[in-house]
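Observations on chain architecture
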Amino acid sequence: MPQDILSEVHKFLHGTSSKGNVNSEALTQSALFLLRTVPVARHAVLEHFFNVFDEAVHEHLLQMHIGHKVTDERTKDIEGILRDISGVLLSFIQTNPEAWAPILSSWSLELLGHVSCKYAKKRGIPHSNSLNEILQVWMTCRPTQLLMELATECFSAMVGGAPDKCVDALLEASVKYSPHFDWVVAHIGSCFPKMIITRVLNCGLKDFCSAETDPAGRDVSARMKIPKMASVVGILGHLASKHGQDIRHALMNLFEDSLQGDSSPVKVTTVPFLLQLASMSPMLLHVLTTDMIKSLTPVVLNKLHKQFATWKKTNAQEYFSLLTLVVHLAIKTDTGSYDVLHFLVTTASPRIQSDGMEVECPVKEVQETCSELVNKLLQELQRLVHCKKRDPASCDVPLIAGLTPSIGKLVELLMESEGQSVMWLQKLLICVALYCGQTGAASILAGVIAHAKRAPQSIVFLRLQKGIETVFPDVITMTVDHVFSLLLPHNEISHLQLLKNLLFLVQWERKTESFKKKTTSSRLRHCLQNHMRSLSSLMLHPDREVSAAVLSILTHINIPPAVDATTLTHLCSALSSTFFRMLEISDNMIMLRRIRLCKNCCRQIQTLPIARSMLLQFLTEGAVVSENALLFGGKLQPGSRSDSKDFVSLLAENRKSALSLTLTRSHSSVFHAGVIGQGLKPRSATDILPKDVVARNIRSLLDVLWICGQESPMDSSLDDMMDNTQESLHNELNEHAAITMATTVVNFVTPDVLYNDIFWPDEEFLRISLERDLVVWKKFESHPVLWDLLGAFSSNAVFVYHMSPVLRCLLGSVLTHYDSVHDKAMRNSPKHFEAACKLIHCLGRSGMLPRPMSNIGEIFYYATPYEGYLLLIGVWRYIKENPLTCNKLEIENRKCDDKFTTVISSVIHSNVHTMGHLYTRFINLIQV
């Protein structure tokens, strides 16, 4: 047996020497024999196998370069030799893994690194950056494939007993042959992901911790030069695509383990190690800014503070470098940037719980550290943003780019913050605005207006605007555009709060301008003037509070004269509708304040002639439509069914009446409850407002109409506008306003325009116009506010002149009634008596009836129906002979002939016992 060993030794030495002439297969068998029997020969044998595999790789690459595989005896011999070697080595690992696995692991990895680096520049080998391609090339090479199987088998054998040794060998080879060795790491790591990831991190941490005792490695930036750190980052980077979740768990487990137990050097350096890894890998930085940032609760932060307390005192320079690294990482963060910022701000300045519950907060030292980080971060962001503005080609700022989609959340955080955090967030938002451009800046300012919880919080808007306008001087225009886009119905924000904040800013601007001080928001009101259409639409919001806020804004921004007709029409319509909606408010004080806002808006609009006419028409029409009739003591129209809320079957109602006694072939026998096709008969209105409320509403309507119809606008400031009576507000109604109101009333109450001429016919014509007169009378009866309109504006001759068709119909109805009634006194028919008095008062007040005819209303109380008929016929005949006119000179020269005063004298003489006190006065008037 010794002779056989000696013979094989000589054969091996002779075959491996330069002059040896031994068959390759025989040499391999000799080497394998020595490997089995002579342990001390393993280094020489493995070195020989090293060269065998190297030569085999070279042969494979040569054939790949030729373009086809050459199959000859030599190629077959090489393949057989490789199979024999790998078979024996694998058997060693399987039979004695503790002894052979570490040796063969290091040998195989060293060999793989050697051939990868040696042939990296050979033709056909992809660049090291193309990991998938280079992995495919080497795994199709039989020698490297066998070596990879051998290395994998070694790792499998060592996982349970000595995992650190195989990972250390992998890291050493990776450091030595990187980046050409990356494909080996990627393949082995994909086979043992959890073990590789965990052990790679542990090995990297130990290496990082050992540098702590090395003065050359004290600087954090110097640790980036540690080869094993780069190798750790590279390995994790290769595994991230398919095993990202395992990497996340491993990093978090490493961090959580560092919080347990004492403050050993390894545990203290865990956080700096993780930060250093994050600075070298965007993927690892993403893990830190998403998973780890969520785990940094006050309890965890306090534990970290306790761990670092001693280290901080003895490593001042290291602590400063660590803070600089944290700021650097924060700036590089794009995904999860809002979470990082939220964590820093809320930790530096924790909010006090409003519910009074005790919540654990970070200790003071932790808060101070975060404050220092926030200040450093803001300084660096300001520097980078201004550099970016000066040189657009400079590098981007990932933190701000990542914050751009979270602008709304940043604004909300600002509104919820207090103290120092408010100033931090303001500076940050200015940086974000300047970085994102004018559109982003406008969205930030609009967000502040939308999310301010209280109106004084809108002061933040002024501070932000001051900082932003240094770069974007016209940002306010786009900001207002964004504000109105937020006011669209589909946006789930508080429209009321937004408008209140906007009103606060407008009032602030107006107040500041009154002191002759310029502010950065001096163009806000001007910009709002360009959105009159949107404001008028918002005025119709279902919430009356929103409508009131819009009215307040309109009173402060002043309606521009150059408004297109469409917008002006929409504004007038919305204002009139809002006015009637405000009258429905039950609280008297609130209603009066809202009506005052409507009046102030009307004062502005009435300065525009076209708008004044439209507004008067809308207000007059609105006062008599069925929806608003009840506000002014009116009744629903006979055809209105607005009060029928519940569905009722017409068939069922008719069946209920089937057993009742009805007249044969009468209307009731066919239609008990209504008319087919029209539903139930309308119910009578039961909701009647109190008289004082109706009087209040009518007074408000007349005030608004007087404001809109005044001859010239009042020369007074907005603050001096008060609710005054119509006598103190106006001297004369504008001619166009009078025509508009009168024409609107005439068109509403008259059924057609056939007899709407100004001239009055003979009294016999009353028989023809009887039905028409009754229609007009019913309209006035259903809408008593028409009498108030007639009485309020009857002093204007133009108004009375254009109301002539209505006055004629009303007087005709009164004459018809008293011509047919047989009663002792006119006053026994209260409706017609009151109408007669009002008609005479209106005609006399306008100057259409001269004295004493304008005073005959005093006689009606004592007169009989027949006497009243005679007096009213006299009025009719006088107007027929002296038609209504707008000419002031003709009105002043009107006189009453004797034929019209005769009836007056006769009635007084006939009733001297009751009218004796009127005799002297009327006789004097007649004589005059």
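Residues numbered from 1 in each chain as written. Predicted model: local features only at pLDDT ≥ 70, side-chain atom pairs only at ≥ 80, totals over all residues. Heavy atoms only, no water.

Glancing now at helix H23 (residues 459-468). In terms of residue burial, H23 counts as a mostly covered element, since seven of its 10 residues are buried. Residues Val 460, Phe 461, Leu 462, Leu 464, Gln 465, Gly 467 and Ile 468 constitute the buried set of H23. (Buried < 20%, exposed > 50% of the residue type's maximum accessible area, 1.4 Å probe, protein only. Helix = DSSP H or I, 4+ residues; strand = E, 2+ residues; numbered from the N terminus.)

Below, the discussion takes up the pattern of salt bridges. Summed over the entire model, instances satisfying the criterion amount to 17 salt bridges. For Lys 118, the salt bridge goes to Asp 54, with nearest N and O atoms at 2.9 Å. Placement of Lys 118 in helix H5 (residues 97-118) and of Asp 54 in helix H3 (residues 42-66) is noted, with a sequence separation of 64 residues between them. Residue Lys 118 is classed as partly exposed on the basis of its relative accessible area, which comes to 45%. As a salt-bridge pair, Glu 509 and Arg 525 come within 2.8 Å of each other at their nearest N and O atoms. Pair noted here: Glu 509 is in helix H25 (residues 495-514) and Arg 525 is in helix H26 (residues 524-528), with a separation of 16 residues, a long-range link. (Salt bridge = Lys/Arg side-chain N within 4 Å of Asp/Glu carboxyl O.)

Now for unusual backbone geometry. Pro 852 follows Arg 851 through a cis peptide bond whose omega is 5°. Residue position: Pro 852 is located in the loop between helix H41 (830-845) and helix H42 (857-860). Located in the positive-phi region is Asn 558, a residue other than glycine, with phi close to 65°. Along the chain, the position of Asn 558 falls in the loop between helix H28 (544-557) and helix H29 (565-582). Look at Asn 558 and you get partly exposed, because its relative accessible area is 35%.

Within this structure, the stated rule accounts for 16 aromatic pairs. For the ring pair Phe 580 and Phe 632, a centre distance of 6.1 Å and an interplane angle of 90° mean the geometry is edge-to-face. Of the two residues, Phe 580 is situated in helix H29 and Phe 632 in the loop between helix H31 (609-624) and helix H32 (650-656); the sequence distance between them amounts to 52 residues. Phe 580 gets classed as buried once you look at its relative accessible area, which sits at 4%. Relative to Phe 799, the ring of Phe 793 lies with its centre 5.8 Å away and its plane at 55°, an arrangement referred to as tilted. The burial state of Phe 793 is the same as that of Phe 799; both residues are buried. In this arrangement the basic side chain of Lys 779 is found over the ring face of Phe 748, its NZ or CZ atom lying 4.8 Å from the centre. (Phe/Tyr/Trp six-rings, centres within 6.5 Å; stacked < 30°, edge-to-face > 60°. Lys NZ or Arg CZ within 6 Å of the ring centre and 35° of its normal.)

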